[in-house]
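Each chain, letter by letter, is given below.
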2 protein chains.
Amino acid sequence: MYSLKFTSESTFNGMVERDFTVGEVPGVLWSPASGAADRAPLVLMGHGGGNHKKHPAMSGRAQLLVNGCGFHVAVLDAPGHGDRPRTAHDEAEVADLFRARAAGEPEGPIVVRYNAHLAELAVPEYRATLDALQELPEIGADGPVGYFGINMGTAIGIPFVASEPRITAAVFGQHWPDVLAEHAARITVPVEFAMQWDDEHITREEALALFDAFASKEKSLHANSGRHKELPRFEADSAARFLARHLGGAAS
Amino acid sequence: MYSLKFTSESTFNGMVERDFTVGEVPGVLWSPASGAADRAPLVLMGHGGGNHKKHPAMSGRAQLLVNGCGFHVAVLDAPGHGDRPRTAHDEAEVADLFRARAAGEPEGPIVVRYNAHLAELAVPEYRATLDALQELPEIGADGPVGYFGINMGTAIGIPFVASEPRITAAVFGQHWPDVLAEHAARITVPVEFAMQWDDEHITREEALALFDAFASKEKSLHANSGRHKELPRFEADSAARFLARHLGGAAS
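Throughout this description, residue numbers start from 1 for each chain and increase along the sequence as written. Chain letters and ligand numbers both follow the written order, the letters beginning at A and the numbers at 1. The model is predicted, so local features are restricted to residues of pLDDT at least 70 and side-chain atom pairs to those at 80 or more, both for listing and for counting; the totals for chains, interfaces and linings are taken over all residues. Hydrogens are left out, water is left out, and the side-chain values use all remaining heavy atoms of the structure.

Peer 1: What is the right way to look at the overall build of chain A in this model?
Peer 2: Helical segments are the DSSP runs of H or I of at least four residues, strand segments are the runs of E of at least two, and each set is numbered from the N terminus. The helix and strand tally for chain A stands at seven helices and nine strands. Computed over C-alpha atoms, the radius of gyration of chain A comes to 17 Å, within 12% of the 18 Å expected from 2.2 N^0.38 for 252 residues, which places it in the range of a compact globule. Looking at chain A residue by residue over its 252 residues, the buried ones come to 58%. By definition in these notes, contact holds between two residues if any of their heavy atoms fall within 4.5 Å. Considering only contacts within chain A whose residues lie at least 6 apart along the sequence, 66% involve residues at least 24 apart. With the radius of gyration taken over C-alpha atoms, the globule rule is written as 2.2 Å times the number of residues to the power 0.38. Each residue is placed in one exposure class: buried if its accessible area under a 1.4 Å probe, protein chains only, is under 20% of its type's maximum, exposed if it is over 50%, and partly exposed if it falls in between.

Peer 1: Hey, could you run me through the interface of chain A and chain B in this one?
Peer 2: Size of an interface: often given as the accessible area lost when the parts come together. Taken together, the contacts link 17 residues of chain A with 17 residues of chain B. What counts as buried area is the accessible surface, traced by a 1.4 Å probe, that two parts surrender upon association, with contributions from both included. When the area that chain A buries against chain B is broken down by residue, the three leading residues are Trp 197, Ser 225 and Phe 234 of chain A, summing to 31%. In the sections that follow, a salt bridge refers to a side-chain nitrogen of Lys or Arg positioned within 4 Å of a carboxyl oxygen of Asp or Glu. The interface formed by chain A and chain B contains two salt bridges. Asp 212 of chain B is paired through a salt bridge with Arg 204 of chain A; the nearest N and O atoms lie 2.8 Å apart. Nitrogen and oxygen atoms within 3.5 Å of one another constitute a polar contact, given that in protein one can donate a hydrogen and the other can accept it, and given that sequence-neighbouring residues count only through two side-chain atoms. Seen at the junction of chain A and chain B, the total is twelve residue pairs in polar contact (both at pLDDT 80 or more). Here the side of chain A that touches chain B takes six residues from strand 9 (residues 219-224) of chain A, the largest share from any one element. Note that Gly is not counted as nonpolar here; it falls among the polar residues with everything else outside the nonpolar set of Ala, Val, Leu, Ile, Met, Phe, Trp, Tyr, Cys and Pro and the charged set of Asp, Glu, Lys and Arg. Of the residues in the side of chain A that touches chain B, the class split is six nonpolar, four polar and seven charged.

Peer 1: Which parts of the structure should I look at to understand the packing of helix 3 (residues 108-133) of chain B against helix 4 (residues 152-162) of chain B?
Peer 2: The axes of two packed helices give the description: the angle between them and the distance between them. Residues and elements named next belong to chain B. Note on geometry: axes are C-alpha line fits, over the in-contact stretch for helices, and angles between N-to-C directions span 0 to 180 degrees. Packing of helix 3 against helix 4 leaves a shortest axis separation of 8 Å and a crossing angle of 60°. Of the possible angle classes, the one that applies to helix 3 and helix 4 is oblique. Crossing handedness for the pair helix 3 and helix 4: right-handed. Within the contact between the two elements, helix 3 uses Asn 115, Leu 118, Ala 119, Ala 122, Val 123, Tyr 126, Arg 127 and Leu 130 and helix 4 uses Met 152, Ala 155, Ile 156, Pro 159 and Phe 160. Taken together, the residues of the contact of helix 3 with helix 4 break down into eleven nonpolar, one polar and one charged. Here is the rule for angles: anything less than 35 degrees is roughly parallel, anything more than 145 is roughly antiparallel, 65 through 115 is roughly perpendicular, and the remaining ranges are oblique. Here a crossing is called left-handed whenever its near helix is offset anticlockwise from the far helix by less than a right angle, and right-handed whenever the offset is clockwise.

Peer 1: Sorry if this is basic, but what is going on with the side chain of Arg 18 of chain A here?
Peer 2: Residue and element names in this part refer to chain A. Among the structural elements, Arg 18 can be located in strand 2 (residues 15-22). Since its relative accessible area comes to 10%, Arg 18 is described here as buried. A polar contact of 3.4 Å, which involves the side chain of Arg 18, links it to the side chain of Ser 31. Residues within four places of Arg 18 in sequence aside, it is in contact with Phe 6, Ser 8, Glu 9, Gly 27, Val 28, Leu 29, Ser 31, Ala 36 and Glu 138.

Peer 1: Please explain the packing of aromatic side chains as it appears in this structure.
Peer 2: Geometrically, a pair of aromatic rings is defined through the distance of the ring centres and the angle of the planes. Within 6.5 Å between ring centres, the rings of Phe, Tyr and Trp (the latter by its six-membered ring) count as paired, and their orientation is classed by plane angle as stacked under 30 degrees, edge-to-face over 60, tilted in between. Scanning all chains against the criterion turns up 16 aromatic pairs over all chains. Seen in terms of ring centroids, Tyr 126 of chain B and Phe 160 of chain B are 5.5 Å apart; in terms of plane orientation they differ by 50°. Their pairing is tilted. Of this pair, Tyr 126 of chain B sits in helix 3 while Phe 160 of chain B sits in helix 4, and the two are 34 residues apart along the sequence. Classification of Phe 160 of chain B by relative accessible area gives buried; the value is 0%. Taken together, Tyr 126, Tyr 147, Phe 160, Phe 172, Phe 193, Phe 211 and Phe 214 of chain A together with Trp 197 of chain B form an aromatic cluster joined through their ring pairs. Our definition puts a charge over a ring when NZ of Lys or CZ of Arg is within 6 Å of the ring centre and also within 35 degrees of the ring normal. Positioned above the aromatic ring of Phe 211 of chain A, the side-chain terminus of Lys 219 of chain A is 5.0 Å from the ring centre.

Peer 1: Please explain the pairing of strand 3 (residues 25-32) of chain B as it appears in this structure.
Peer 2: If a strand is regular, its side chains alternate between the two faces of the sheet. All names here are of chain B. Along strand 3, eight of the eight residues are buried, which leaves the element largely enclosed by surrounding structure. Strand pairing is assigned whenever DSSP detects at least two bridges linking the two strands. As paired strands, strand 2 (residues 15-22) and strand 3 are joined by eight bridges and run antiparallel to one another. Residue pairing for strand 3: Arg 18 is matched across the bridge by Leu 29. Connecting strand 2 to the antiparallel partner strand 3 that follows it, the hairpin turn spans two residues, and Gly 23 within it adopts a positive phi of roughly 65°. Bridge analysis of strand 3 against strand 5 (residues 72-76) gives four bridges, and the strand direction is antiparallel. The partner of Leu 29 across the bridge, within strand 5, is Ala 74.

Peer 1: Where do I start with the side chain of Ser 225 of chain B in this structure?
Peer 2: Here Ser 225 of chain B lies in the loop between strand 9 (219-224) and helix 7 (234-247). A polar side-chain atom of Ser 225 of chain B sits 2.8 Å from the main-chain carbonyl oxygen of Lys 217 of chain A.

Peer 1: I would appreciate a short explanation of the pairing of strand 1 (residues 4-12) of chain A in the present structure.
Peer 2: Residues and elements named next belong to chain A. Across eight bridges, the pairing between strand 1 and strand 2 is antiparallel. Each bridged residue has a counterpart across the sheet, and for Lys 5 the counterpart in strand 2 is Thr 21. Following strand 1, the chain reverses through two residues before pairing antiparallel with strand 2; Asn 13 in that reversal takes a positive phi of roughly 45°.

Peer 1: What exactly am I supposed to notice about the environment of Ala 169 of chain B here?
Peer 2: All names here are of chain B. Relative to the assigned elements, Ala 169 resides in strand 7 (residues 167-173). Classification of Ala 169 by relative accessible area gives buried; the value is 0%. Separated by 153 residues in sequence, Ala 169 and Val 16 place their C-alpha atoms 24 Å apart. When sequence neighbours within four positions are dropped, the list of residues in contact with Ala 169 reads Val 145, Gly 146, Tyr 147, Val 189, Pro 190, Phe 242, Leu 243, His 246 and Leu 247.

Structure (structure tokens):
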């Protein structure tokens, strides 16, 4: 059991931003400026590969969830990312990915392998963070908790949600089914899943197979035209509405 | 060129409801009660098979578009539906559908064939209606026009939108690709398309093939778990947001 330590507090775009650590793992907790101490649902987010907990994609989604829905939102730096040290293994895998990219070889096998490794490390970190955040009075042990992560955030999030009954709704997307489909088959909570119809890395069949694998009675696939990096901004709005619908709260 | 004749006017759930005819074809025009005479975008809708222009699915979607977005919305009774006479051919096709349903035979071949016939009749009716509605000062000849129709509304809507440059955004869904895919390949405006992941009538491959056929640079597929008739209510909200995004106006 790791305890939560807040290391700094500031305000950012209408949110209270509190940096924290849980053990060695750095994270950020964003809360409504008008009610940072008020009990509200929590959304745990996972960032994409090569990014970090405060990447604009994370803080932008947090604003929709915090300012729009009144939620608390927490993100961790994934192993080897953001403020965390890179191991020799991290360096070797990233170098292999860049080598494949430069050579025009498929990135999938490397990303799938590396993300599976990171997920093994990150899942217990997310669990420990949830334990620690639920000690805060503004979150509590019995409040609703959701998860939102695309790309590497899905590679970590699917095994996390599959093994974590406290998560009651999740947004995933844009990953290969290898490794993840068997975890997805244990997920029964409502899921919204994003894919890109013209993804140059993940085939349609692969993306559809991962969506199909979820055991959830309620699941929605959003497939948009465009390449891997062209996921439309409006999907973040849709994710916020989905989470508001399931965790309680009004997306605005 | 048929002229528009209004036959009655009332209010319904906050909307001004005007029944009209264009030639022999009966339709309904719903407008904001607070500004029925104000210039606003128009959405043409098509109803599902066996239903009619004022089915609750139509008036419910109209409320989202009229009260939520400030749009005008018009729906026609399809040939053989609602207040229109059924021909011997209509009777025979409907009887064949009920026979197949009772026998547990596939409904697709009959629905595809019958809807293609109805679309041939309905497309010029929708075009004449749009001509006539654009004569109204509150709609005008140069205002934005969208289309929204699922099931039979898609069977009529895809050939209509494919041949109608005045439509600049369209919501379709839940139909077989036979007959329609070749029309869809001529559609380039933004499209939102709904399918049911566990549809007992339309296979996943068929639904995905129709979505894939649209030539639109911007298109979104929404696939939800559940059977044919279980299309979630929130897809109507999504359609209203999509149309508001493309026609101008704020979904609320």
